[in-house]
Amino acid sequence: MSVVAKRYAKAIASRDDVDEFYKNLSVLASAFAHPKFKILIQTREISREKKLELLESMLEKPHPKFNNLLRILLENSRLPCIPQIVAELEKQRFFRDNVFLGVAYSGQALDALSLKNLEEKLGAKFNVQIKLSNQIAPIDGIKITLEELGYEVSFFMKTFQNRLSEFILKTI
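Throughout what follows, the structure given in this document is the object of discussion. Everything numeric here is computed off the predicted structure, so don't read it as measured data. (Residues numbered from 1 in each chain as written. Predicted model: local features only at pLDDT ≥ 70, side-chain atom pairs only at ≥ 80, totals over all residues. Heavy atoms only, no water.)

**A short note on the pattern of salt bridges**
Inspection of the entire model under this criterion finds five salt bridges. We note a salt bridge from Glu75 to Arg48, for which the minimum N-O separation is 3.1 Å. Here Glu75, found in helix H5 (residues 64-75), pairs with Arg48, found in helix H4 (residues 48-57); they are 27 residues apart in sequence, far enough to count as distant. Here Glu120 makes a salt bridge to Lys116, at a shortest N to O gap of 3.7 Å. Taken together, the residues span about one helical turn, with Glu120 and Lys116 both in helix H7 (residues 112-126) at a distance of four residues. Taking the relative accessible area as the measure of exposure, Lys116 reaches 47% and is therefore partly exposed. (Salt bridge = Lys/Arg side-chain N within 4 Å of Asp/Glu carboxyl O. Helix = DSSP H or I, 4+ residues; strand = E, 2+ residues; numbered from the N terminus. Buried < 20%, exposed > 50% of the residue type's maximum accessible area, 1.4 Å probe, protein only.)

This is how it looks when you write it as structure tokens:
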């Protein structure tokens, strides 16, 4: 995450109208998913005024103070930082609400009920609210990372089978 994006996010988070700024920035950040939009924003062949008009046209009646933010981002060639600013604002919002993000890596997609169950159990353990996303990884088991809490737990079938074999051998 860019230091610049963190600074902008910190300044925006201190505002009373942070939710409006977040909503508008989220709309703009979604446009950055399209490669042609990125090229359009970064090209020098289109004037700053036209770029500003394009960005404003994507929003429903933006507040003049939000337009000032867009102008500042545009003047400093920081428009490509908008998705990073949104991500940082989201992190700050979750931290404020005592919600922590995590990732559950698994060999196949986990259903919503399994994810919810994992969230509840981990949330009870840490006395916070956990939001997990699922990512497919070439592993035989589950690995959960909660980066902001500095926590990682994993369960692999191979390890389980090895420990079960050891236990059986010891009892014989």
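**Some remarks on the sheet that holds strand E3 (residues 141-146)**
Within a sheet, adjacent strands bond to each other through the backbone by hydrogen bonds, running parallel or antiparallel. Strand order across the open sheet formed by four strands is E2-E1-E3-E4, with mixed pairing between neighbours. Bordering the open sheet on either side are strand E2 (129-136) and strand E4 (151-156), each of which pairs with just one other strand. Averaged over neighbouring strand pairs, the angle between their axes works out to 15° when direction is ignored. Sheet topology note: the strand E1 (residues 99-106)/E3 ladder contains four bridges and is antiparallel. Paired with Ser106 across the bridge in E3 is Ile142. Seen against the sheet, H7 touches E1, E2, E3 and E4 and runs at an angle of roughly 140° to E2. (Pairing = 2+ DSSP bridges. Axes fitted to C-alpha atoms, helices over the stretch in contact; angles between N-to-C directions. Contact = heavy atoms within 4.5 Å.)

**Brief notes about the pairing of E2**
Two elements, E1 and E2, share eight bridges in a ladder whose sense is parallel. Counterpart to Ser106 in the pairing with E2 is Ile136. Each parallel crossover has a hand, and for E1 linked through H7 to E2 it is right-handed. (Right-handed = clockwise from strand over helix to strand, strands pointing away.)

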